[in-house]
Amino acid sequence: MSSAEQWTQPGENPAATAAKPTPEQVIAGLRATSEGGTELVQLLNPEGERIASPQFDRYVEDVDAEQLRGLYRDMTMVRRVDREANSLQRQGQLGIWVPLLGQEAAQIGAGRAMRPSDMAFPSYREHGIAWCRGVTPQELLGIFRCTDHSGWDSSATRFHPYTIVIGNQVLNAAGYAMGQRLDGRVGDDGGEATICFFGDGATSQGDVHEGFVWASVYDAPLVFFCQNNQWAISEPTERQSRLPLYQRARGYGFPGIRVDGNDVLGCLAVTRWALEECRLGNGPVLIEAFTYRMDAHTTTDDPTRYRLSDELEAWKLKDPIERARVHLSRNGLADNDFFEQVASDTDELAAELRDFCVNMPDPPPDRIFSQVYADPSSVLDAERDEFLSYLDGFVGAGER
Amino acid sequence: MPDYKQFPLPDTAEGLTEAEILSWRVKPGDEVQVNQIVIEVETAKAAVELPCPWAGVVTELLVEPGQTVEVGTPILTVDVDPGGTASAASDASGASAAPSASAAKNGVQQAAGPAEAAPAAGSEENGAPAEDEMKPLVGYGSKTVTAKRRPRKDHGPASDVQNGTFGPVDTPAQESALLEGSAVPLAKPPVRKLAKDLGIDLRTVTGSGSGGVITREDVRHAANGAQPVTVRTGERERRVPIRGVRKATAQAMVHSAFSAPHVTEFLTVDVTPMMELRAKLKDTPAFAGVKLTPLAFAAKAMCLAVQRTPDVNAEWDAESGEIVYKDYVHLGVAAATPRGLVVPKVRDADAMSLAELAGALTELTETARQGKTTPADMLNGTITITNVGVFGVDTGTPIINPGESAILAFGAIRDTPWVVDGEVVPRKVCQLSLSFDHRVVDGEQGSRFLADVGALLADPAVAMTY
């Protein structure tokens, strides 16, 4: 059963059986996958109203109208990139696309909470984080067009290449954060932190468990940012955990917190707090951003086969961009000109992205050898030379 | 001027090769915007809506709902410049100007796409199509993916591989003039390791394995300075067209094996009394000039046993939905001839005496061996016997002749230790096996028939009781 209060203590008679659970047990079970009432940090409700939070208000007190408009613009631009790329896949221009639709607030909130010196380890859906790290949407396309392994400089942007293997990046991030700690870059407000992104499904992976353990016992400055979008492809969250995911942190010995993942302000505040904790040496921290994947897992997936459209309709009412828009309009923080300007910016960005995608050159064949090791490797150099001379053996080689 | 572009069906998932057209959302004459949904298709993975890559006017729908279309097939024609404002130069911009290789791979192409326009020149030279079937590593629903293999500059071992022939190679497997840039040799990792350990450059080794793969043996030969093993498959195989009796036999056997559920039962019989009777009868005037073979006794026993178990002498008539029981026996006798297996019939064998039957069998087999059996002689059998014993074989699981319900295999008669009255004595023993069509004959009838035949051969006097 989901919480300790409901467990049968030694010496007690069982209060219930699996066939006849107590009402408390039923509620506790539902809470594992529901929004969790008072446990949920929320600064902007679905109606776009600002909710006061004694704990977290101070983390966003500097956020003025301009910054709010910026967050709205970020989310809108990223959504447009996502939709355009999805269409490009349907037109045969990309091999696959991984939509982020519905998760814009979680990503823009977290991404804008980061400092340039912080390091991010994404999975493969973090197009919003990429946007905040200065990785252009164009740079994202190589992987999804299946012509490149990664399209950006992960040292310069401090944005690690996308990781396809589920949960694997949590180990990379734990190691990186341990390094930050061992290098003495932690301990005051000028410190560094690492943030690692993964989904609800990844929490069932051994790699994520190991990452939690290592980061915990080495006090690594690592924010585990779990976007619980309710579905691990076709498996619902109730098949991942018997208690709310953020509560797992307690078992590892670090704080866990659940934030409304469709509330960009809430995500910004909570992530700022978590990164600050890490910089000061109080990490790690687990954030569960409670959100919803409004589109398919990838373009290869068909969600109508495993979930009802009712659910999607319910979540549309909590749309992250819509609530930011309502908040801006209602409080007179943005006028119509602003929204029109953003709309035309997204059109322009989409057209640029489309044009770039269909004209995109394949990387040169030696590209697969170029970023394998930090230092030159004689074995790899020999393999590269052999491969290139093999390619030269074809009729017409060198003409492309 | 109008500028027509065709939208080829994309692979919407990973490695799918086709999709079914569900419905069109546009019709000719409609104006479309970029990313406007124009069609819904269903693949093995999902039903998906496809957005149009261009703005313009729909001029033609090239496929219809219900059709299954291969990836890459043009499905829609759009005039992207219906007003005629664009100059010819601008035709080269946009989607159609994507680098040819990636554009062809990813699907957007002009009406005459680069995929078709780039034939594999080298493969034509070699006289073999340079295409290999490849299976995707992941996903499902995919049938086959055709990969075009690019032609190579030189005609080293790789060309031979493409050609599918592995003739003797002139170059000895020593340090040769093979330069960098020649084909990467095909070898499994352990073989590569062996070559490395022995200091052999795999590019100097000719593979004897299937498809030109270098084997462990090839590397060892190369290390010993020996000639690589060459396989001359072409000279050691013969190809004979399938026709005539071979073809007819194959068709009949396949038809029977896959339509009639076969059951085969076995019985070992001491036929010494039958052999003694045969020796006695041979010297009698009635059998003078007759070749009285054990097969004749077996045939006679079958004809007698059929009277008690008519089920084995019946036909399953699937068309009329009836079982046809036959009150006569046209006994088929399987005969090996230079033309192949033929099964001529002894008409009304049940009405014949043993001597008549023996004479008929002799005549029948003679005719068959001379290749003179007419097609009419082979029609309308009711049950068959096959004498595998003449080949020195003990038994088998014969396949029923189509149109019949049972076949008996008559094995070789051998001197065998046998228990008679509690003592082991040498006896003439043979094995019988009966295959029957379980649609018509159950185990009870099949077993009874087989036991009856056995009993008649084990003690021909039993025939008195029939």
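Structure first, text after, so check above.
Residues numbered from 1 in each chain as written. Chains lettered and ligands numbered in written order. Predicted model: local features only at pLDDT ≥ 70, side-chain atom pairs only at ≥ 80, totals over all residues. Heavy atoms only, no water.

Further remarks concern the overall build of chain A. Broken down by element type, chain A carries 15 helices and eight strands. By residue count, 54% of the 400 residues in chain A fall in the buried class. Look at the contacts in chain A between residues 6 or more apart in sequence, and 74% of them connect residues 24 or more apart. Counting only carbon and sulfur atoms, one obtains 51% of the accessible surface of chain A, whose full area is about 17600 Å². (Helix = DSSP H or I, 4+ residues; strand = E, 2+ residues; numbered from the N terminus. Buried < 20%, exposed > 50% of the residue type's maximum accessible area, 1.4 Å probe, protein only. Contact = heavy atoms within 4.5 Å. Areas by Shrake-Rupley, 256 points an atom, 1.4 Å probe, with all protein chains shown as cover.)

Let us look at the packing of helix 2 (residues 65-90) of chain A against helix 10 (residues 264-279) of chain A. Residues and elements named next belong to chain A. One way to put it is that helix 2 packs onto helix 10 with a least axis distance of 11 Å and a crossing angle of 105°. Judged by the angle between their axes, helix 2 and helix 10 are roughly perpendicular. Of the residues in helix 10, those in contact with Q67, L68, L71 and M75 of helix 2 are V264, L265, L268 and R272. For the contact of helix 2 with helix 10, the residue count by class is six nonpolar, one polar and one charged. (Axes fitted to C-alpha atoms, helices over the stretch in contact; angles between N-to-C directions. Parallel < 35°, antiparallel > 145°, perpendicular 65-115°, else oblique. Nonpolar A, V, L, I, M, F, W, Y, C, P; charged D, E, K, R; others polar.)

This part covers the packing of aromatic side chains. Residues and elements named next belong to chain A. Tallied over the full model, the rule gives 26 aromatic pairs over all chains. With a centroid separation of 5.2 Å and 85° between ring planes, the pair formed by Y72 and F339 is classed as edge-to-face. With Y72 in helix 2 and F339 in helix 13 (residues 336-358), the pair connects residues that are 267 residues apart, well separated along the chain. In this pair, the class of Y72 matches that of F339, namely buried. Ring centres of W214 and Y218 lie 5.7 Å apart, and the angle between their planes is 15°; on these two criteria the pair is classed as stacked. Classification of Y218 as partly exposed rests on a relative accessible area of 40%. Taken together, the ring pairs connect W97, F144, W152, F159 and Y162 into an aromatic cluster. Just above the ring of F338 sits the side chain of R69; from NZ or CZ to the centre is 6.0 Å. The ring of W315 carries the charged tip of K318 above its face, separated from the ring centre by 4.0 Å. (Phe/Tyr/Trp six-rings, centres within 6.5 Å; stacked < 30°, edge-to-face > 60°. Lys NZ or Arg CZ within 6 Å of the ring centre and 35° of its normal.)

Our next topic: unusual backbone geometry. Both trends apply: most residues other than glycine have a negative phi, and most peptide bonds are in trans. Looking along the chain, the bond that leaves A:G283 and enters A:P284 is cis, with omega of -5°. For B:D348, which is not glycine, the phi dihedral falls at a positive 45°. Residue position: B:D348 is located in the loop between strand 16 (345-346) and helix 10 (354-369). At B:D421, a position not held by glycine, the phi torsion is positive, near 50°.

All right, on to the nonpolar core then. Core analysis: the biggest nonpolar cluster contains 72 residues, and A:F56, A:Y162, A:I195, A:L265 and A:I287 have the highest contact counts within it. Counting residues per element, this core draws most heavily on helix 10 of chain A, at 10 residues. Among all residues touching A:L265, those that are not within four sequence positions of it are A:L43, A:L44, A:R50, A:V60, A:V63, A:L68 and A:L71. By size, the runner-up hydrophobic cluster in this structure holds 48 residues, among which are B:V271, B:A358, B:L364 and B:L457. (Core = buried A, V, L, I, M, F, W, Y, C linked by side-chain atoms within 4.5 Å.)

On to the pairing of strand 2 (residues 18-24) of chain B. All names here are of chain B. Sheet analysis places strand 2 next to strand 7 (residues 68-70), joined by three bridges and oriented antiparallel. Bridge pairing links E20 to T68 in strand 7. Two elements, strand 2 and strand 4 (residues 37-42), share four bridges in a ladder whose sense is antiparallel. Among the inter-strand pairings, E20 is bridged to a residue of strand 4, identified as E42. (Pairing = 2+ DSSP bridges.)

Before going further, it helps to spend a moment on helix 11 (residues 443-458) of chain B. Residues and elements named next belong to chain B. Here helix 11 spans 22 Å end to end across 16 residues, near enough to the 22 Å set by a 1.5 Å rise per residue. Of all the positions in helix 11, only Q445, G446, F449, L450, D452, V453, G454, L456 and L457 are classed as buried. Residues of helix 11 that are buried sit in contact with strand 11 (262-270), helix 8 (272-282), helix 9 (294-308), strand 17 (383-386), strand 18 (406-410) and strand 20 (423-437). (Expected span 1.5 Å × (residues − 1).)

Attention now moves to the sheet that holds strand 8 (residues 74-79) of chain B. Residue and element names in this part refer to chain B. Strand order across the open sheet formed by four strands is 1-8-6-3, with antiparallel pairing between neighbours. Across the chains shown, the open sheet's two edge strands, defined by having one partner strand only, are strand 1 (4-8) and strand 3 (31-32). Across five bridges, strand 1 lies against strand 8 in antiparallel orientation. By the bridge assignment, P8 is partnered in strand 8 with P74.

Honestly, that's just the spatial picture; any functional story needs more than this.
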